2 protein chains.
Amino acid sequence: MASSPIWASRPKTRGLVLDVIRSARSISRVELAAATGLTGATISEVVRELIGDDLVVEAGRGAPTGGKPRTMVQLNPLARYSVGVQLERNTCVIVVIDLAGRQVARTSFQGVATMPPERALPLVAAQVDALLATAAVDRDRVLGVGLVSYGPQDRRAGVLLTPQPTEEWLDHPVALRLAEALGLPVLLDNDAAAAAIGEYWMGTVDPRSTYGCIYMATGIGGGVVVAGEVYRGSSSNSVEIGHISIDVNGDECPCGNVGCLENYAGPSALVRQALATPGLGRRLALDPTATDVLTEFARIAAAANTGDAGARGLVEQSARYLGHAAVTMACLFDLEAIVLAGPSFAVAGSIYQTMIQQEVDRRLFARRAHQVRIVPSVNGSDAAAIGGAVLVLRSELTLGHPHPQDRARAAGSDEAG
Amino acid sequence: MASSPIWASRPKTRGLVLDVIRSARSISRVELAAATGLTGATISEVVRELIGDDLVVEAGRGAPTGGKPRTMVQLNPLARYSVGVQLERNTCVIVVIDLAGRQVARTSFQGVATMPPERALPLVAAQVDALLATAAVDRDRVLGVGLVSYGPQDRRAGVLLTPQPTEEWLDHPVALRLAEALGLPVLLDNDAAAAAIGEYWMGTVDPRSTYGCIYMATGIGGGVVVAGEVYRGSSSNSVEIGHISIDVNGDECPCGNVGCLENYAGPSALVRQALATPGLGRRLALDPTATDVLTEFARIAAAANTGDAGARGLVEQSARYLGHAAVTMACLFDLEAIVLAGPSFAVAGSIYQTMIQQEVDRRLFARRAHQVRIVPSVNGSDAAAIGGAVLVLRSELTLGHPHPQDRARAAGSDEAG
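Here's what I pulled together on the structure shown here. (Residues numbered from 1 in each chain as written. Chains lettered and ligands numbered in written order. Predicted model: local features only at pLDDT ≥ 70, side-chain atom pairs only at ≥ 80, totals over all residues. Heavy atoms only, no water.)

## Considerations on the overall build of chain A
At step 1: When helices and strands are counted, chain A shows 13 helices and 15 strands.
At step 2: Here chain A, with 417 residues, has 59% of them falling under the buried criterion.
At step 3: The contacts in chain A between residues at least 6 apart in sequence include a share of 64% that link residues at least 24 apart.
At step 4: Accessible surface for chain A amounts to roughly 15,400 Å². Of this, 51% is attributable to carbon and sulfur atoms.
At step 5: If the 36 positive side-chain charges of chain A are averaged to one point and the 42 negative ones to another, these points end up 7 Å apart. (Helix = DSSP H or I, 4+ residues; strand = E, 2+ residues; numbered from the N terminus. Buried < 20%, exposed > 50% of the residue type's maximum accessible area, 1.4 Å probe, protein only. Contact = heavy atoms within 4.5 Å. Areas by Shrake-Rupley, 256 points an atom, 1.4 Å probe, with all protein chains shown as cover. Lys, Arg positive; Asp, Glu negative; His and termini not counted. Charge placed at Lys NZ, Arg CZ, Asp CG, Glu CD.)

Below you can see the structure in the form of structure tokens.
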């Protein structure tokens, strides 16, 4: 209670109304009042303000209901844009989305992993500039950039607390430096948390539900969303599912824990296992010296799909390990659904979905209370980048910074603080 | 957002003010406004209402600050009471607390585990009646009963979803039957969640913090509190830490999972391990036919404290397993502290606290972001029963049912929805 001061209620009301308009696509003021529980007078005032800010437009009349036909309102999708940047070990993905969450531009490039941040971040900024220019997006309409990456992070400071991809990235002010290079506000967030909130925004899940996301790229991360808000914990370093232990007697991980899920089920582990299986590495044309783990892993996943018994065995074992961790996640957070997102579910997603669902159905403590559905992400490989852009939309709009001119802050967000 | 309708804000304001008065013990209206962020006019109105309901009294003047001396307000602790009942496999604990959370009466008795609910619940009701009579508590001032037990549960329906202690308890309407027998509202909740919220109420932890609780009696449960509210998840069956797996290759548990923590670290497991250790069972005078696991476990814990190497080895191994699960819990929920509560931490609590702290310090993924403190419960063995009573106080007062005459509902609470 004490963490939710009363003065936050005005912008929250505005964000709520905008969120309902967005998910309804087209809605009357009367329907808005019913959906939000707000009074007609409050709805009229908030909608007037949103129209004044060009975020919402009136658009025709609703179906006749006996009385006076009702004027419908809807989002003005091209009024604002936001950018999502995902920094991964191998790849950097950049997307631009409009106010309705539709992707209007996308690019990706490799090589960031081998550069120090002083070189990598200007390169990212140049790519963002080029993408906005190509898509002919007016920069004055860009709310900001959601930069998403792995944890742990100091989200408020906009700093990564991990020596990845290299030691030089640890404690580097990534959000501030990217903001300076771009002249746009940048907020840093966890990639898996971003992927999770992106699913909500895209309408995959019931907005009132409690659901989780397992995000698998090179590493494995997680996010949980409760009634439309990211579960943050004390420092936004929550749901690090890749580094929960699945084996109390397992090997030590560089993170300090033993038996970490990532070392059993993640792409690097599978590539290692495949290379150690006689004949399999050669059959799948794996390159033992490759630095791009995702491409090597994709070969294994593709072979599993087409029936190679060795590859299939490895992917199924990985799926069982993930299922095991999904049971822990669902058991602790009491989830209704878990979304599988990220590039490493792209190829063999249906094997993963089927086997994780089986594990959860068999093993979950509270299965008498309700089922937990395992579902594929609507945003697929780009879920984290899209989610990063969505976090900016939500943060800027909900906190009542609708004018892109208000760019005092370079980094940080109090959205769910 | 959608789950928190606007009409709930009035009672929330009232609950917030009451909570600040309670934790401050004595506070002026001006200080209340500063602490809550509410306007002076709102504070005056809410305080007037609380005084009218006899929940708050004016009590002298504050220290002079230069201007007019301020009238202080404080809780009227004897205005209301609530009852906490913990149903465990071996023992039933009943406590009565006043509005300030002080325990005014306590009793416990054994044997409930061997009875069907039709016989056990009237016995519990008779004990509650006797306790209230002995403590001379006016029944009109009793807000209700918090009945706490293990999960899974259907909390809204007031039903246990587990065949424990015996098959007859599965799906039995325990909350409704106890409410009928007592003529008092009864809400059912999870014992570990109750223990967790009890710590907050008693002031052990910062009210804005995110912390967890590991509750160990015969079984092992868990709870998480975020800014003063129990983390509920989708069906209030969250944080079942006794049934997360610590070994993907472990034995199957009756719950359906494999390698469950409870079967490695819980009191039953330790008694089994002690009896299987040559000479140890006899040395500690363990009874292989005993049904009261807690008493047998207490012998092992006591011997560990006094330096019996065999017993100490078993308790330390149990603590390492619990530390392993605590790392998972802290890693997923991003906790600032974990409270150890319940009767099975009573004897060897300091061994557990030390070793769990060591594991968390060494193994936690986000330890660069902040430390996680392992702390003993202020409510000790009775943490769950006291927490059950606290949940009733919070629920009734926050939801604006200050008059004990309002007893339409027999079971259920929407406190944290």
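## Things to note about the interface of chain A and chain B
How big an interface is tends to be stated in terms of the accessible area lost upon association of its parts.
At step 1: Contact residues are listed per partner, giving 63 residues for chain A and 66 residues for chain B.
At step 2: At the boundary of chain A with chain B, total buried surface from both sides reaches about 5,400 Å², with 64% on carbon and sulfur atoms.
At step 3: Linking chain A to chain B there are 2 salt bridges.
At step 4: Residues Glu252(B) and Arg363(A) are paired through a salt bridge, measuring 3.7 Å at the closest nitrogen-oxygen approach.
At step 5: Listing elements by their share of the side of chain A that touches chain B, those giving two or more residues are α1 (9-24), β12 (220-226), α11 (309-333) and α12 (349-363) of chain A. (Buried area = accessible area lost by both parts, 1.4 Å probe. Salt bridge = Lys/Arg side-chain N within 4 Å of Asp/Glu carboxyl O.)

## Side note on the relation of the copies chain A and chain B
At step 1: Its rotation angle being 180 degrees, the transformation that places chain A on chain B also includes 0.0 Å of axial translation and leaves an RMSD of 0.1 Å. The two molecules are tied by a two-fold rotation axis, judged by turn and shift. The position closest to the rotation axis in chain A is occupied by the C-alpha of Asp247(A), lying 2.2 Å away.
At step 2: Here 100% of the contact residues of chain A are again contact residues in chain B; the copies associate through an equivalent surface. (Least-squares fit on C-alpha atoms with pLDDT ≥ 70 in both.)

## A closer look at α11(A)
Residues and elements named next belong to chain A.
At step 1: Its 25 residues give α11 an end-to-end C-alpha distance of 35 Å, which sits within 8% of 36 Å, the value for a rise of 1.5 Å per residue.
At step 2: Judged by how many residues are buried, α11 sits mostly within the fold: 18 of 25 residues are covered.
At step 3: The distance from a side-chain oxygen at the start of α11 to the backbone nitrogen of Gly310 is 3.0 Å, and the residue carrying that oxygen is Asp308.
At step 4: Positive backbone phi, at 50 degrees, marks Asp334, one or two positions downstream of α11. (Expected span 1.5 Å × (residues − 1). Polar contact = N/O pair within 3.5 Å; in protein donor to acceptor, adjacent residues only side chain to side chain.)

## Concerning the sheet that holds strand β5 (residues 91-98) of chain B
Residue and element names in this part refer to chain B.
At step 1: Taking strand neighbours across the sheet as the criterion, the 5 strands line up as β6-β5-β4-β7-β10 in an open arrangement whose pairing is mixed. Every interior strand has two partners, whereas the edge strands, β6 (103-110) and β10 (186-190), have only one. Each neighbouring strand pair of the sheet contributes to a mean axis angle of 20 degrees, computed without reference to strand direction.
At step 2: Judged from the 5 bridges that link them, strand β4 (residues 81-87) and strand β7 (residues 142-149) form a sheet pairing that is parallel. Bridge pairing links Val85 to Leu147 in β7. (Pairing = 2+ DSSP bridges. Axes fitted to C-alpha atoms, helices over the stretch in contact; angles between N-to-C directions.)

## Quick look at the pairing of strand β3 (residues 71-75) of chain A
Residue and element names in this part refer to chain A.
At step 1: Pairing of strand β1 (residues 27-28) with β3, which is carried by 2 bridges, proceeds in the antiparallel orientation. Bridge pairing links Ile27 to Val73 in β3.
At step 2: Relative to β3, strand β2 (residues 56-61) is paired through 4 bridges, and the arrangement is antiparallel. Counterpart to Arg61 in the pairing with β3 is Thr71.

## Some details on the sheet that holds β3(A)
At step 1: What the 3 strands build is an open sheet, ordered β1-β3-β2 (chain A); its pairing is antiparallel. Among the strands making up the open sheet, the edge pair consists of β1 and β2 of chain A.

## Observations regarding the side chain of Arg394(A)
Residues and elements named next belong to chain A.
At step 1: For Arg394, the position within the fold is in helix α13 (residues 383-398).
At step 2: Within the local environment of Arg394, its side chain forms a polar contact with the backbone oxygen of Gly228, the two atoms lying 2.7 Å apart.
At step 3: Here the side chain of Arg394 touches Glu229 through a polar contact of 3.4 Å, side chain to side chain.

## Details of the packing of aromatic side chains
At step 1: Following the criterion strictly, the structure yields 10 aromatic pairs over all chains and no others.
At step 2: With a centroid separation of 5.3 Å and an interplanar angle of 75 degrees, the aromatic rings of Tyr264(A) and Tyr321(A) are classed as edge-to-face. Of this pair, Tyr264(A) sits in helix α7 (residues 262-265) while Tyr321(A) sits in helix α11, and the two are 57 residues apart along the sequence.
At step 3: Residue Tyr264(A) is classed as buried on the basis of its relative accessible area, which comes to 18%.
At step 4: Relative to Tyr352(B), the ring of Phe345(B) lies with its centre 5.2 Å away and its plane at 80 degrees, an arrangement referred to as edge-to-face.
At step 5: Given a relative accessible area of 7%, Phe345(B) falls into the buried group.
At step 6: Members of the aromatic cluster, connected to one another through ring pairs, are Tyr231(A), Phe333(A), Tyr231(B) and Phe333(B).
At step 7: When the ring centre of Tyr150(A) is taken as reference, the NZ or CZ atom of Arg89(A) above it lies at 4.3 Å. (Phe/Tyr/Trp six-rings, centres within 6.5 Å; stacked < 30°, edge-to-face > 60°. Lys NZ or Arg CZ within 6 Å of the ring centre and 35° of its normal.)

## A closer look at the packing of helix α10 (residues 293-305) of chain A against α11(A)
All names here are of chain A.
At step 1: Direction vectors running N to C along α10 and α11 enclose 110 degrees, while the axes themselves pass 7 Å from each other. With respect to α11, the element α10 is oriented roughly perpendicular. Note on element contacts: α11 touches α10 through Ala311, Arg312 and Val315, opposite Ile300, Ala301, Ala303 and Ala304.
At step 2: Looking at the contact of α10 with α11 residue by residue, the class counts come to 6 nonpolar, no polar and 1 charged. (Parallel < 35°, antiparallel > 145°, perpendicular 65-115°, else oblique. Nonpolar A, V, L, I, M, F, W, Y, C, P; charged D, E, K, R; others polar.)

## Some thoughts on unusual backbone geometry
At step 1: Of note, the amide linkage connecting Gly151(A) to Pro152(A) takes the cis form, showing an omega dihedral of -5 degrees.
At step 2: Along the chain, Pro152(A) falls in the loop between β7 (142-149) and β8 (153-154).
At step 3: Despite not being glycine, Ala285(B) shows a phi value in the positive range, around 60 degrees.
At step 4: Position of Ala285(B) relative to the elements: it lies in the loop between α9 (280-283) and α10 (293-305).
At step 5: Take Ala285(B): its relative accessible area is 47%, and that puts it in the partly exposed class.
At step 6: At Asp334(B), a residue that is not glycine, the phi angle is positive and equals roughly 50 degrees.
At step 7: Structurally, Asp334(B) can be placed in the loop between α11 (309-333) and β14 (337-341).

## With respect to the environment of Ile351(A)
Residue and element names in this part refer to chain A.
At step 1: Secondary-structure assignment places Ile351 in helix α12.
At step 2: When the C-alpha atoms of Ile351 and Asn305 are compared, they prove to be 7.9 Å apart, with 46 residues separating the residues in sequence.
At step 3: Ignoring sequence-local partners within four residues, the contact set of Ile351 consists of Ala304, Asn305, Arg312, Val315, Glu316 and Ala319.

## Thoughts on the pattern of salt bridges
At step 1: Going through the model one piece at a time under the given rule, you end up with 38 salt bridges over all chains.
At step 2: Close ionic contact of Asp19(B) with Arg22(B) constitutes a salt bridge, the shortest N to O distance being 3.0 Å. Of the two residues, Asp19(B) and Arg22(B) are both situated in helix α1 (residues 9-24); the distance of 3 residues between them amounts to about one turn of the helix.
At step 3: Residues joined in a network through salt bridges with shared partners are Glu252(A), Glu359(B), Arg362(B) and Arg363(B).

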